[in-house]
Amino acid sequence: ASMGSAEEEDLPATDMPRVVGVLSALLERVTERNDAATGPGALEPASGSAFRAMTKPGISVRAYMARIARFAGCSPACFVVGYIYLDRLLRRRRALAVDSYSVHRLLITTVLSAVKFMDDICYNNAYFAKVGGISLPEMNYLEVDFLFGVGFDLNVSPETFGHYCAILQSEMLCLELEPESLLPPTAVAAAPGSCCSAEQSTRSFLGV
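Residues numbered from 1 in each chain as written. Predicted model: local features only at pLDDT ≥ 70, side-chain atom pairs only at ≥ 80, totals over all residues. Heavy atoms only, no water.

Caption draft 1: The overall build of the chain, seen in detail. A tally of helices and strands in the chain yields eight helices and zero strands. Helices and strands appear in the chain in the N-to-C order α-α-α-α-α-α-α-α. Among the 208 residues that make up the chain, the fraction classed as buried is 50%. Pairs at least 24 apart in sequence give 83% of the contacts found in the chain among residues at least 6 apart. Carbon and sulfur atoms provide 55% of the accessible area of the chain, an area that totals close to 10,300 Å². (Helix = DSSP H or I, 4+ residues; strand = E, 2+ residues; numbered from the N terminus. Buried < 20%, exposed > 50% of the residue type's maximum accessible area, 1.4 Å probe, protein only. Contact = heavy atoms within 4.5 Å. Areas by Shrake-Rupley, 256 points an atom, 1.4 Å probe, with all protein chains shown as cover.)

The structure is reproduced here in C-alpha cells:
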C-alpha cells in the first residue's frame, strides 16, 4: 500500500475540523525540528521502532491528517485524544522521535486507538490500514505495539482533555487564526465526561 502521493497535497480542507489543521501545524513544526536535529547526513532512519518507516512517505503531515479526517469518519474529539495518546507514548519511549520517518504511522495508530476508545461505531483495522497507506499486518502490529507502549492507559479524564484542548488553542492563537472553536458544539457529547474543575476551560475551548 502507498502512504500517499503528491496529488494528495491539494486535498481540500474546507470541511476539515479546525482541530485537525491546528494539530497538523503543531506536528509539522515538531517534525521539521527533529529532522533538522538529525543533520543532513542522516539519510537512513534509526532502527528499533515499528513506527519508523524505511523511507520518508511522499505526503505531508497536513495532507495525511486531512486524508484521515476525510475518510476515517471519526469525531473531532478523537484527534485531541489521539494527541494525548501520542504524548503518552513519547513520554514512555524517550528514544522515539516524531520526524518524517515516524509521524505518519504514529498518527494513524493513535487516531485508530482513539476512535476505538471514543466512538461507538468505527471502521475496522483493514479500513484504517487503507486510509493510512500501510498493510493490514502493519496496522495490527502498530496497534498492539502502541497499546503496550502506553501500558494500555487509554482513559482520558475531563481535566486531561481540557488541558490538551488548551494547548491546541494556544497553538491556534500562535498561528494567528481567529480564536473560535476548534471543535464543533456536537463534539462536547463526544468529549470524555465533564467535571467542575475542567468544565470551564473545556467549554471555552469548544465554544459552547
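Caption draft 2: Just the environment of Leu96, in detail. For Leu96, the position within the fold is in the loop between helix 3 (77-92) and helix 4 (103-118). C-alpha of Leu96 to C-alpha of Phe51: the two residues are 45 residues apart in sequence and 8.5 Å apart in space. Residues in contact with Leu96, not counting those within four places in the same chain, are Ser49, Phe51, Arg52, Leu89, Leu90 and Leu106.

Caption draft 3: Structural context of the nonpolar core. Ranked by size, the top nonpolar core spans 54 residues in total, and within it Ile68 and Phe79 carry the most contacts. When residues in this core are grouped by element, the largest group, ten residues, is from helix 3. (Core = buried A, V, L, I, M, F, W, Y, C linked by side-chain atoms within 4.5 Å.)

Caption draft 4: Focus on the environment of Phe79. As for its placement among the helices and strands, Phe79 is situated in helix 3. For the pair formed by Phe79 and Leu107, sequence separation is 28 residues and the distance between their alpha carbons is 9.2 Å. For Phe79, the residues in contact, after removing those within four places along its chain, are Val19, Val20, Leu23, Met65, Ile68, Ala69, Cys74 and Val111.

Caption draft 5: Local environment of the UniProt feature "transmembrane region" (unreviewed entry) in the chain. Per the UniProt record, the feature "transmembrane region" (unreviewed entry) sits at residues 64-86. Span residues 64-86 is 78% helix and 0% strand, its end C-alpha atoms 16 Å apart. (UniProt positions renumbered as here; feature names shortened; annotations may be inferred.)

Caption draft 6: The arrangement of the packing of helix 2 (residues 61-71) against helix 4 in detail. At their nearest, the axes of helix 2 and helix 4 sit 10 Å apart, and the two run at 25° to each other. In terms of orientation, helix 2 and helix 4 fall into the roughly parallel class. Where helix 2 crosses over helix 4, the handedness of that crossing is right-handed. Of helix 4, the residues touching helix 2 (which contributes Val61, Tyr64, Met65 and Ile68) are Val103, His104, Leu107, Ile108 and Val111. (Axes fitted to C-alpha atoms, helices over the stretch in contact; angles between N-to-C directions. Parallel < 35°, antiparallel > 145°, perpendicular 65-115°, else oblique. Left-handed = near helix turned anticlockwise from the far one by under 90°.)

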